[in-house]
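# Observations on the model geometry
Here is what each chain is made of, one letter per residue.
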Amino acid sequence: MKGKNEMSLVLKNVSKTFVGKVAVDNISFSIEKPGVFGLLGTNGAGKSTTIRMMLGILKKDSGEITWNGKKVERKNGNFGYLPEERGVYPKTKIMDQLMYFAELKGMKKDDAITAINKWAKELKVEEYLQKVGLTEFGEKKIYELSGGMKQRVSIARALALNPEILFFDEPTSALDPEMVGEVLSVMKQLANEMSEYD
């Protein structure tokens with residue numbers, strides 16, 4: 001989400017093997033300006049594995065991954081991530097877990113509340129958050145929401161951390177057609193906002 005001359009994600013000859021099975025074989029590409037990019041492939045082609053290596057979640061076997069010229073590590077990349085399984089806790093109150101993830105990133109409480117409020121409003125999930133003075137608590141739990149709303153909460157969680165780059169992994173999987181439309185609308189909105197930086 002930086003200016004077009006201020007970002008660079010580069011993969012060079014990256015490979016990953018699991019128990020003798022090649023998951024990613026010598027992949028190379030670069031992204032050097034803001035925008036929306038797709039990583040295409042059939043099921044089992046290694047898309048999720050590649051994303052997790054770019055995030056520093058999985059260790060690559062060989063090759064090089066850099067972000068703005070530095071080796072990708074969890075500590076030096078402010079990345080947002082929406083895994084296919086959404087990565088949210090179904091029985092935990094929404095605001096509690098949004099605050100938890102913000103605290104993991106080292107955000108101050110007031111800054112986290114401001115950011116969460118902003119994206120909850122943008123993504124139309126603010127009705128599930130109850131305001132009490134300077135403190136906020138989500139009364140709803142994730143399992144009580146529809147698939148599309150769960151995905152919106154997941155997107156709000158990622159964006160509240162003010163990421164420099166945002167990875168979506170199968171963002172519309174297991175959603176009905178109406179919910180797919182909702183999520184794609186949100187992604188289009190984000191893409192339009194990002195284009196302002198280009």
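Residues numbered from 1 in each chain as written. Predicted model: local features only at pLDDT ≥ 70, side-chain atom pairs only at ≥ 80, totals over all residues. Heavy atoms only, no water.

## Thoughts on the layout of surface pockets
To find leftover empty space, one rolls a probe the size of a water molecule over the atoms. Taken as a whole, the largest pocket encloses approximately 800 Å³ of empty space. Lining the largest pocket are 31 residues, with Phe37, Gly38, Leu166, Phe167 and Phe168 positioned closest to its centre. For the lining of the largest pocket, the elements supplying multiple residues, two or more each, are strand S2 (21–31), helix H1 (47–55), strand S8 (165–168) and helix H5 (177–195). Per element, the largest residue contribution to the lining of the largest pocket is five residues, and it comes from H5. Its residues assigned to classes, the lining of the largest pocket shows 22 nonpolar, three polar and six charged. (1 Å grid on protein atoms, 1.4 Å probe; cavity = no way out; pocket = protein on both sides within 12 Å on 5 of 7 lines; lining within 4 Å. Points joined across faces, edges and corners; volume = space filled by probe spheres on them. Helix = DSSP H or I, 4+ residues; strand = E, 2+ residues; numbered from the N terminus. Nonpolar A, V, L, I, M, F, W, Y, C, P; charged D, E, K, R; others polar.)

## Points about the packing of aromatic side chains
According to the stated counting rule, one finds three aromatic pairs in the structure shown. Ring centres of Trp67 and Phe79 lie 5.4 Å apart, and the angle between their planes is 85 degrees; on these two criteria the pair is classed as edge-to-face. Placement of Trp67 in strand S3 (residues 62–67) and of Phe79 in strand S5 (residues 79–82) is noted, with a sequence separation of twelve residues between them. With relative accessibility at 4%, the residue Trp67 sits in the buried group. The exposure class assigned to Phe79 is buried, which follows from its relative accessible area of 9%. When the centroid spacing of 5.5 Å and the interplanar angle of 65 degrees are considered together, the rings of Tyr100 and Phe101 count as edge-to-face. Taking relative accessible area as the criterion, Tyr100 reaches 38% and is therefore assigned partly exposed. Taken together, the ring pairs connect Trp67, Phe79 and Phe167 into an aromatic cluster. (Phe/Tyr/Trp six-rings, centres within 6.5 Å; stacked < 30°, edge-to-face > 60°. Buried < 20%, exposed > 50% of the residue type's maximum accessible area, 1.4 Å probe, protein only.)

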